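In case you want the letters, here they are:
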Amino acid sequence: MEINIRKEVQEDFKKVSELIRTAFESEEHSDHEEHFLVERLRNSDAFIPELSMVAEADHQIVGYILLTKIIIEDENQKNYTSLALAPVAVSPEFQGKGIGGKLIKEAHQKAKELGFGSVVLLGHENYYPKFGYKLTKEFGIRLPFEVPEANCMVIELTENALQNVNGVVRYPKEFGIE
Ligand SMILES: CC(C)(COP(=O)(O)OP(=O)(O)OC[C@H]1O[C@@H](n2cnc3c(N)ncnc32)[C@H](O)[C@@H]1OP(=O)(O)O)[C@@H](O)C(=O)NCCC(=O)NCCS
């Protein structure tokens, strides 16, 4: 099966929303509103069109990933720009075929090309370490809500990108996190 990863375009929006909704339908740790989050983020300042990507198989959209801009704020209110991975989703009938992994790797590559040094996420502790994610606590980085440490992860896209970075992640308002 040939998988093609490309930038999302406006004509994809409807299909992508439906894909995200069905991918998260049976996810126990989901609010089942991820497709609405993506719709809000597309209209936000945090949105980077090149980092909104779809996976196609036989010209059908079967996967989606979005990286949006976030800030890591240290105790002196100094800000570092980073990215949040939210969400990554693959159509249920296409899961377990490496498409999620491919989306993550291609999104990392594109983010690196655009000059970003790191990506933060909240996710399954067994899935993301194989792509190089480590616990945010190893870097002194915290997410701004109560979640198990094992699910708070970050990757350095370039060597030592987070060497002098620590603090609290500030999400764009579209995430609805205070
Ligand atoms: C998570 C998701 C994007 C992975 O995509 P995928 O194409 O199925 O993943 P891949 O084929 O690249 O990787 C499959 C591997 O991930 C593991 N995996 C998949 N989902 C997992 C999960 N929820 N928890 C732990 N491991 C998981 C599989 O066991 C498999 O492991 P292996 O490589 O050791 O055999 C997809 O399962 C999905 O859309 N899930 C519902 C939405 C979701 O939970 N998204 C992530 C939160 S933002």
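The sections below set out a description of the structure shown in this document. Note that this is a predicted model, so its numbers are computed, not measured. (Residues numbered from 1 in each chain as written. Predicted model: local features only at pLDDT ≥ 70, side-chain atom pairs only at ≥ 80, totals over all residues. Heavy atoms only, no water.)

### Some words on the overall build of the chain
Per the secondary structure count, the chain includes 3 helices and 9 strands. Each helix and strand of the chain, ordered N terminal to C terminal, gives the series β-α-α-β-β-β-α-β-β-β-β-β. Here the C-alpha radius of gyration of the chain, 16 Å, is about what a compact globule of 178 residues would show, namely 16 Å. Projected onto its principal axes, the C-alpha positions of the chain cover 50 × 30 × 30 Å. Relative to its 178 residues, the chain shows a buried fraction of 49%. Looking at the chain alone, contacts between residues at least 24 apart form 67% of all its contacts between residues at least 6 apart. When the accessible surface of the chain is split by element, carbon and sulfur atoms take 44% of a total near 9,900 Å². (Helix = DSSP H or I, 4+ residues; strand = E, 2+ residues; numbered from the N terminus. Rg over C-alpha atoms; globule rule 2.2 N^0.38 Å. Buried < 20%, exposed > 50% of the residue type's maximum accessible area, 1.4 Å probe, protein only. Contact = heavy atoms within 4.5 Å. Areas by Shrake-Rupley, 256 points an atom, 1.4 Å probe, with all protein chains shown as cover.)

### Things to note about the site of the ligand
Val90, Gly96, Gly98, Gly100 and Gly101 are the nearest of the 17 residues found near the ligand. Separating an oxygen atom of the ligand from a backbone N or O atom of Lys97 is a distance of 3.1 Å. His124 has a polar side-chain atom sitting 3.1 Å from a nitrogen atom of the ligand. In isolation the ligand has 880 Å² of accessible area, and contact with the protein removes 68% of it. If you list the elements that add at least two residues to the shell around the ligand, you get α1 (13-24), β4 (79-90) and α3 (99-113). (Near = heavy atom within 4 Å. Polar contact = N/O pair within 3.5 Å; in protein donor to acceptor, adjacent residues only side chain to side chain.)

### Some remarks on the nonpolar core
Ranked by internal contacts, the top residues of the largest apolar core, which has 30 residues, are Ile20, Tyr64, Ile72, Val120, Val169, Tyr171 and Phe175. Going through the elements one at a time, α1, α2 (34-42), β3 (60-73), β4 and β8 (152-156) are the ones with two or more residues in this core. Apart from residues lying up to four places away in sequence, Val120 is in contact with Ile70, Ile72, Ser82, Leu83, Ala84, Leu85, Thr136, Leu143, Met153, Val154, Val169 and Tyr171. Membership of the second largest hydrophobic core comes to 28 residues, among which are Ile99, Leu103, Ala111 and Val119. (Core = buried A, V, L, I, M, F, W, Y, C linked by side-chain atoms within 4.5 Å.)

### Here's the deal with the pairing of strand β9 (residues 167-170)
Summarising the sheet, β3 and β9 pair through 3 bridges and their orientation is antiparallel. Bridge pairing in β9 links Ile71 to Arg170. Here strand β7 (residues 141-142) pairs with β9 via 2 bridges, running parallel. Residue pairing for β9: Arg142 is matched across the bridge by Val168. (Pairing = 2+ DSSP bridges.)

### As for the environment of Gly117
Among the structural elements, Gly117 can be located in the loop between α3 and β5 (118-122). C-alpha separation for the pair Gly117 and Cys152, spaced 35 residues apart in sequence, amounts to 17 Å. Each residue touching Gly117, except ones within four places of it in the same chain, is listed here: Ile155, Glu156, Leu157, Thr158 and Ala161.

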